[in-house]
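Okay, here's what each chain looks like letter by letter:
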Amino acid sequence: MLLPAIGFSRSKAAYNYCRTKSTFGISGIYSTGPYIFNVRPDVVTTFGRHTSTGFGYRRDMYVLPNNGYLSFGARVMSLQSELTVGTTLAGFDHELSKFTFKPRYTQLTIPLLVGKVLPLQLYPKANLDVFAGGSVGVCKITAYDVARTIHNEYNTSDVIGMRYDNFTADVSKVVFNATLEAGFQFTPFGTPRLSAGITASYNLLKTPYYKDNGGYANRTQNLVDDFTVGFSRKFVNLLFTVSYSFNKK
């Protein structure tokens, strides 16, 4: 999560008086992004859109001219992937029989930003911050769910079954993470310093690799459909953030 910058003050004198600002915020995250398969079964459906939450802290230092600032901090955000693996094997309902895999990721990162405060001429109490930069940190799989659903094909009496081997990803693996980010933050009033904004965040690197396998079997017809699935993702996120900031004099 990127905690966007908050407007610092309404006057030039105040900017000279207060040179740093601490900000805490919570975000609702809308995430999407491509799946990158190393192993892909024949029948796969991916779900690219999910919502989650994040929170963090940042410190803004007004050391640049014309109400500009440099910013750093810490953030944590959760993300999720979801896909299903089906089958075309005879005897199964091909719409309802499926494996569902839901790995979840946690990203811990340090945002590094450059921003500028823009006072609004038509609304002098408000500020609009614009900013851009990136972040560096780590990402790991912190949880995963596997569900199985089985249904006979309509009007058949075949004996069918599913096999899951619990060949899961190494959830202790941690990978390096980096993002590019940009956004804006709107501060409607000087006090309290409640703000709302939107940040776009693009992951430059892939998430940890997730791998699993299973299979379908039709005992009546002696048919087997085994599979292995393995993938990573590159997330694109929109963060809708509500923040509160404290000025340090």
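Note: the structure precedes this text.
Each residue is numbered by its place in its chain's sequence as written, counting from 1. Under the rules for a predicted model, residues below a pLDDT of 70 receive no local features and side-chain atom pairs below 80 are neither given nor counted, while totals for whole chains, interfaces and linings still include all residues. Hydrogens and water are ignored here; the side-chain numbers use all heavy atoms of the structure.

### Observations regarding the side chain of T87
(1) Moving on: Here T87 shows up in the loop between β6 (82-85) and β7 (98-119).
(2) Moving on: Identification of polar contacts relies on pairs of N or O atoms within 3.5 Å, with a donor-acceptor requirement for protein atoms, meaning one able to donate a hydrogen and the other able to accept it, and with residues adjacent in sequence counted only if both atoms are side-chain atoms. Here L89 takes part through its backbone nitrogen, which lies 3.1 Å from a polar atom of the side chain of T87.
(3) Moving on: Separated by 2.7 Å, the side chains of T87 and D225 make a polar contact.
(4) Moving on: Whether two residues are in contact is decided by their heavy atoms, any of which lying within 4.5 Å being enough. Residues within four places of T87 in sequence aside, it is in contact with V43, F92, H94, S97, Y216 and D225. Labels follow the DSSP assignment, with helices taken as runs of H or I lasting at least four residues and strands as runs of E lasting at least two, numbered in each case from the N terminus.

### A word on the pattern of salt bridges
(1) Moving on: Throughout this description, the term salt bridge denotes a Lys or Arg side-chain nitrogen within 4 Å of a carboxyl oxygen of Asp or Glu. The tally for this structure, following the rule as stated, stands at 6 salt bridges.
(2) Moving on: One salt bridge connects R58 with D60, and the closest N-O pair in it is separated by 2.7 Å.
(3) Moving on: Close ionic contact of D226 with R163 constitutes a salt bridge, the shortest N to O distance being 2.6 Å. Here D226 is found in strand β13 (residues 223-233), whereas its partner R163 is found in strand β9 (residues 160-164), with 63 residues between them in sequence.

### Some points on the environment of R233
(1) Moving on: Here R233 shows up in strand β13.
(2) Moving on: Residue class for R233 comes out buried when judged on its relative accessible area of 0%.
(3) Moving on: Not counting the four nearest positions on each side in its chain, R233 is found in contact with T32, G33, P34, Y35, F47, G48, Q80, S81, Y105, L205, K206 and T207.
(4) Moving on: Among the polar contacts made by the side chain of R233, one reaches the main-chain carbonyl oxygen of G33 at a distance of 2.6 Å.
(5) Moving on: Engagement of the side chain of R233 in a polar contact is seen with the backbone oxygen of Q80, the distance being 3.4 Å. Three labels apply to residues, based on accessible area from a 1.4 Å probe with only protein chains included: buried if under 20% of the type maximum, exposed if over 50%, partly exposed otherwise in between.

### Considerations on the environment of T156
(1) Moving on: Position of T156 among the secondary structure elements: in the loop between β8 (127-149) and β9.
(2) Moving on: It is 8.9 Å that separates the C-alpha atoms of T156 and F92, two residues lying 64 residues apart in sequence.
(3) Moving on: A polar contact is formed between the side chain of T156 and the backbone oxygen of E153, at a distance of 3.0 Å.

### Thoughts on the sheet that holds β9
(1) Moving on: DSSP bridges decide pairing: two strands pair if at least two such bridges lie between them. Spatially, the 4 strands line up as an open sheet ordered β2-β13-β12-β9, and their pairing is antiparallel. Among the strands making up the open sheet, the edge pair consists of β2 (35-39) and β9. With strand direction ignored, the average angle separating the axes of adjacent strands in the sheet is 30°.
(2) Moving on: Sheet analysis places β2 next to β13, joined by 4 bridges and oriented antiparallel. Bridge assignment links I36 to a residue of β13, and that residue is S232. Interaxial angles span 0 to 180 degrees and are taken between N-to-C directions of axes, which are lines fitted to C-alpha atoms, for helices over the stretch in contact.

Function cannot be inferred from these measures alone, as they are strictly geometric.
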